[in-house]
Amino acid sequence: MPTILSLLPVVATAALVFAAGWRMCAAQNASAGGTAALLVFILHPAVTTGLQTSTSWDSFFVMLFVCAWIWMEHWSLFMRSWVLAGIFSIGLWLGSPFVLWGLLAMVPWVLYN
């Protein structure tokens, strides 16, 4: 059972990588973009060997933040700030060291988008 729970953030991150690759490409190339993003994610050496200073929850937090950024392209300032603040609080709860970088990226994007 612990192995299934430890693989859950990796599988969720892989799904978010595919979704981000799908969304960043044009409609006619969306499946190829998602598949290519997933292959790059799977074949990356950090995924196969594991990072020493971070957990799989850190990569999940980063991809959730990036995907939320992409999906909320046309939302109002109020909704973007609330959703990104919620994702930021998830990163704080997970104890991710990438939360500071998310905060630094979130403020200009929310204000100037």
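Being a predicted model, the structure only gives us computed values, none of them experimental.

About the thresholds
- Residues numbered from 1 in each chain as written.
- Predicted model: local features only at pLDDT ≥ 70, side-chain atom pairs only at ≥ 80, totals over all residues.
- Heavy atoms only, no water.
- Core = buried A, V, L, I, M, F, W, Y, C linked by side-chain atoms within 4.5 Å.
- Buried < 20%, exposed > 50% of the residue type's maximum accessible area, 1.4 Å probe, protein only.
- Helix = DSSP H or I, 4+ residues; strand = E, 2+ residues; numbered from the N terminus.
- Contact = heavy atoms within 4.5 Å.
- Phe/Tyr/Trp six-rings, centres within 6.5 Å; stacked < 30°, edge-to-face > 60°.

Caption draft 1: Just the nonpolar core, in detail. Judged by nonpolar contacts, the single largest core of 18 residues is most densely connected at Leu 16, Met 63, Leu 84 and Ile 87. Of all the secondary-structure elements, those providing two or more residues to this core are α1 (2-24), α4 (56-71) and α5 (77-94). Counting residues per element, this core draws most heavily on α4, which supplies 8 residues. Once you skip the residues sitting within four places of it in the chain, Leu 16 turns out to touch Phe 60, Met 63, Leu 64, Cys 67 and Trp 71.

Caption draft 2: Representation of the packing of aromatic side chains. Taken as a whole and judged by the stated rule, the model has 2 aromatic pairs. Centroid distance Phe 18 to Trp 22: 5.8 Å. Interplanar angle 45°. Geometry classified as tilted. Here the residue Phe 18 and the residue Trp 22 both occupy positions in helix α1, the gap between them amounting to 4 residues, near one helical turn. You can call Trp 22 partly exposed: its relative accessible area is 42%.

Caption draft 3: Inspection of the environment of Ile 70 at higher detail. Relative to the elements of secondary structure, Ile 70 occurs in helix α4. Put simply, Ile 70 and Ala 20 are 50 residues apart on the chain and 7.3 Å apart in space, counted from C-alpha to C-alpha. Not counting residues within four places of it along the chain, the set of residues in contact with Ile 70 comprises Ala 20, Arg 23 and Met 24.

Caption draft 4: Fine view of the side chain of Thr 13. Along the chain, Thr 13 falls in helix α1. You can call Thr 13 buried: its relative accessible area is 1%. Every residue in contact with Thr 13, bar those within four places of it in the chain, is listed here: Phe 41, Ser 56, Ser 59, Phe 60 and Met 63.

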